[in-house]
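# Understanding the architecture of this molecule
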Amino acid sequence: MSNIITDDKKIIIFDTTLRDGEQSPGASMNTGEKIQIAQQLERLRVDVIEAGFAAASHGDFDAISQIAQTIQNSRICSLARALDNDIKQAGLAVQQAKMNRIHTFIATSPIHMQYKLKMSPDEVIKKAINAVTYAKTFVDDVEFSLEDAGRSEIPFMKEIIDAVISAGAKTINLPDTVGYRLPNEIYTMVKELHTFIDGRAIISLHNHNDLGLAVANTLAGIDAGARQVECTINGLGERAGNAAMEEIVMILKTRKDMFGGFDTNINTKEIMRASKLVATITGIEPQPNKAIVGKNAFSHESGIHQDGVLKHSETYEIIRPEDIGIEKNNSIVLGKHSGRAAFKDKLASMGIDNLSDEELNKTFESFKNICDKKKEITDDDIRMIITNEKLVTNVTYELLSLQISSCSAGVPSSAVCIKFEGKEYTDAAIGDGTIDAIFKTIDRITGYHGKLNDYKVKAVSEGQDALAKVTCSVTFSDENPPMIGHGLSIDTMLASASAYISALNSYLSMKNLLSKDTKHNL
Ligand code: KIV
Ligand code: ZN
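Please read these numbers as outputs of a predicted model, since none were measured by experiment. (Residues numbered from 1 in each chain as written. Chains lettered and ligands numbered in written order. Predicted model: local features only at pLDDT ≥ 70, side-chain atom pairs only at ≥ 80, totals over all residues. Heavy atoms only, no water.)

## Looking at helix 7 (residues 183-197)
- Here helix 7 is 15 residues long and its end C-alpha atoms lie 21 Å apart, about the 21 Å a rise of 1.5 Å per residue gives.
- Of all the residues in helix 7, the buried ones are Ile186, Met189, Val190, Leu193 and Ile197. The buried residues of helix 7 occupy an angular sector of 95 degrees when projected down its axis, which confines them to one face. Opposite the buried face of helix 7, by more than 90 degrees, sit the exposed residues Asn184 and Thr195.
- On the buried face of helix 7, the contacting elements are helix 6 (154-167), strand 6 (171-176), strand 7 (202-207) and helix 8 (214-223).
- Of the residues one or two after helix 7, aspartate 198 is the one with positive phi, at around 50 degrees. (Helix = DSSP H or I, 4+ residues; strand = E, 2+ residues; numbered from the N terminus. Expected span 1.5 Å × (residues − 1). Buried < 20%, exposed > 50% of the residue type's maximum accessible area, 1.4 Å probe, protein only. Arc of directions from axis to C-beta. Contact = heavy atoms within 4.5 Å.)

## Overview of helix 3 (residues 84-94)
- Among the residues of helix 3, those classed as buried are Asp86, Ile87, Ala90, Gly91, Ala93 and Val94. Mapping the buried residues of helix 3 onto a view down its axis gives an arc of 165 degrees, with all of them on the same face.

## Focus on the coordination of the zinc ion (ligand 2)
- Here the zinc ion (ligand 2) is held by Asp20 (OD), His206 (NE2) and His208 (NE2), and the distances to it run 2.0 to 2.1 Å.
- Accessibility expressed as a relative area gives 5% for histidine 206, which makes it buried. (Donors = N, O, S within 2.8 Å, 3.2 Å for Na, K, Ca; no water.)

## Re the sheet that holds strand 14 (residues 483-489)
- A sheet is described by the order of its strands in space; here three strands give the open sequence 12-13-14, paired in antiparallel fashion. Each edge of the open sheet is held by one strand with a lone partner, namely strand 12 (451-459) and strand 14. The average angle at which neighbouring strand axes cross in this sheet is 15 degrees, direction not considered.
- Here eight bridges tie strand 12 to strand 13 (residues 468-475), and the two strands are oriented antiparallel to one another. Bridging from a neighbouring strand, lysine 456 pairs with threonine 471 of strand 13. (Pairing = 2+ DSSP bridges. Axes fitted to C-alpha atoms, helices over the stretch in contact; angles between N-to-C directions.)

## Overview of the packing of helix 12 (residues 340-349) against helix 14 (residues 379-391)
- Between helix 12 and helix 14, whose axes approach to 11 Å, the crossing angle comes to 95 degrees. Comparing the axis directions of helix 12 and helix 14 gives the class roughly perpendicular. Counted together, Phe343, Lys346 and Leu347 of helix 12 and Asp379, Ile382 and Ile386 of helix 14 form the full contact between these two elements.
- When the residues that make up the contact of helix 12 with helix 14 are grouped by side-chain class, the tally is four nonpolar, no polar and two charged. (Parallel < 35°, antiparallel > 145°, perpendicular 65-115°, else oblique. Nonpolar A, V, L, I, M, F, W, Y, C, P; charged D, E, K, R; others polar.)

## Quick notes on the site of ligand 1
- In the vicinity of ligand 1, the contacting residues are Arg19, Asp20, His103, Phe105, Ser145, Glu147, Asn173, Pro175, Thr177, His206 and His208.
- At a separation of 2.9 Å, an oxygen atom of ligand 1 approaches a polar side-chain atom of arginine 19.
- Between ligand 1 and the protein, one listed contact pairs an oxygen atom with a side-chain N or O atom of aspartate 20 at 3.1 Å.
- Alone, ligand 1 offers 260 Å² of accessible surface; in the complex the protein occludes 94% of this.
- Those elements that place two or more of their residues in the shell around ligand 1 are strand 4 (100-107), strand 5 (142-147) and strand 6. (Near = heavy atom within 4 Å. Polar contact = N/O pair within 3.5 Å; in protein donor to acceptor, adjacent residues only side chain to side chain. Areas by Shrake-Rupley, 256 points an atom, 1.4 Å probe, with all protein chains shown as cover.)

## Topic: the environment of glutamate 421
- With respect to the helices and strands, the residue glutamate 421 is situated in the loop between strand 10 (413-420) and strand 11 (423-430).
- Among the residues examined, glutamate 421 registers a relative accessible area of 63% and is labelled exposed.
- The spatial distance from the C-alpha of glutamate 421 to the C-alpha of lysine 511 is 18 Å, given a sequence separation of 90 residues.

## Concerning the domain arrangement of the protein
- For the protein, the domain assignment lists domain 1 (12-282), domain 2 (298-326), domain 3 (340-386) and domain 4 (397-514).
- Using C-alpha coordinates to define each centre, domain 2 is positioned 41 Å away from domain 4. (Domains from an automatic or database assignment.)

## Remarks on the packing of helix 8 against helix 9 (residues 245-254)
- Orientation of helix 8 relative to helix 9, taken along the N-to-C sense of each, is 50 degrees, at an axis distance of 10 Å. By the angle between their directions, the pair helix 8 and helix 9 is classed as oblique. Crossing of helix 8 against helix 9: the hand is right-handed. Contacts from Val215, Thr218, Leu219 and Ile222 in helix 8 reach Glu247, Ile248, Ile251 and Leu252 in helix 9.
- The residue makeup of the contact of helix 8 with helix 9, split by class, is six nonpolar, one polar and one charged. (Left-handed = near helix turned anticlockwise from the far one by under 90°.)

## Things to note about the packing of aromatic side chains
- Inspection of every chain in the model, using the stated rule, returns nine aromatic pairs.
- Connected via pairs of aromatic rings, a cluster forms that spans Phe439, Tyr448, Phe476, Tyr500 and Tyr507.
- Above the plane of the ring of phenylalanine 262 lies lysine 9, whose end atom (NZ or CZ) is 5.0 Å from the centre.
- Lying across the ring of phenylalanine 196, arginine 200 places its NZ or CZ 5.4 Å from the centre. (Phe/Tyr/Trp six-rings, centres within 6.5 Å; stacked < 30°, edge-to-face > 60°. Lys NZ or Arg CZ within 6 Å of the ring centre and 35° of its normal.)

## Notes on the pattern of salt bridges
- Under the definition given, this model contains 29 salt bridges.
- With its nearest N and O atoms 2.7 Å apart, the salt bridge here joins glutamate 143 to arginine 101. With glutamate 143 in strand 5 and arginine 101 in strand 4, the pair connects residues that are 42 residues apart, well separated along the chain.
- Exposure remark for arginine 101: the relative accessible area of 0% places this residue in the buried category.
- When the shortest N-O distance is used, the salt bridge between glutamate 192 and lysine 158 registers 2.8 Å. With a gap of 34 residues between them, glutamate 192 in helix 7 and lysine 158 in helix 6 connect regions that are remote in the sequence.
- You can call glutamate 192 partly exposed: its relative accessible area is 36%.
- Residue lysine 158 is classed as partly exposed on the basis of its relative accessible area, which comes to 21%.
- Via salt bridges that share partners, Arg75, Arg101, Asp141 and Glu143 belong to a single interconnected network. (Salt bridge = Lys/Arg side-chain N within 4 Å of Asp/Glu carboxyl O.)

See below:
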């Protein structure tokens, strides 16, 4: 079998954070953000990156093709419905990848065929064969998904699986699309289809978490013979999400004894960074008690537990925090007087050696600005500065200054100065609160009117002078999805203004991508 992994003891990790994960409400990402996540997935050593759904929009197509040109060590895949145009877009988008794949799908459950597709089972089989055959004209590696396999009938699944394997599909994915099944049911389904397929294709699982069983179902499927698992960072995904990659990987590692030695290629030390990056970009933080990557996953509150861990960590810890990349000493070694060379050395010691000269200069400049106001700069601060620099791209509007006034009796007001195409524009406005006043002032200057859907502020490190990271979701037009904006500063109001402007800049660059003739309202 010429597939990506020949080692029998490896489970193929297929990450769909950039496709199914992006289908989480409010998680849409721009191309630059997707590339950053893809690069982190490559550092994690993910085998297959599902980079998007090429036919969904120009933005999706563009992001997939840029990822295909950037990533060297992971296979790049695009999703496509079983339609010629979808498959063509997917084929073109992944064309330049070193290793590529098309993932095509059609629903196979009675309820989906009857009500959604309005097709007979025979028609569905025909469509599936055509899709795989056409996809093979673009790439060698084709995956076929039986959407809603969890509620499909086994005899029909066998029929369609036979047909698509004959047409050239190398991976057969069995999604529990609505997260309905229990682990024993997934085990029985996979076991029967594993015997039926008999090594002609790799079996993959794609479980949704509607009943909180996505990871458990995935493990049951591995037990029954599945060798690829589809998952997302932080369990992001449609509705209640997909199976969380970090949980599957750490279960296989920690309980190797129960899985016949099966393991993954994942570099687990990159897990925490991947989790934080995805949370920063999407603004969706994992719950504090989330397994593996939650804020509290390694905190010991009770005195008895603390005492035990100090005496011997394994009394209460089954995973070493450093194994998922939690640095014990979030060291503070840099400050105001550190030079560029020391800064570069520090980055190298943190494993960050892939910044371009321009990125390094911008990051160093931000670092120096922050040093003026913050005494101690931690590793977390540095990582956030870098992430933020990369997120805030396509700068059409640039925030130059902000003044606010607000007191308990008075009306909150703000004055903002913004640079646009080399000129400076200043205006002022009042609002219901200080943030409202700032956003209204930006609207007055730019002529765009944003509707704020979500606003979050988070302290990057500890202490009163911690950096504030603001993420907001803003809708600028009813025809386009909400834009996520990012801002980072010691000052929460400045970070808020930056985040709002960054959402606007993303909106303009997306519009630019769609029309190639952006109109500014100034
Ligand atoms: O959940 C699902 O069925 C999917 C398929 C497109 C694989 O996401
Ligand atoms: Zn899905």
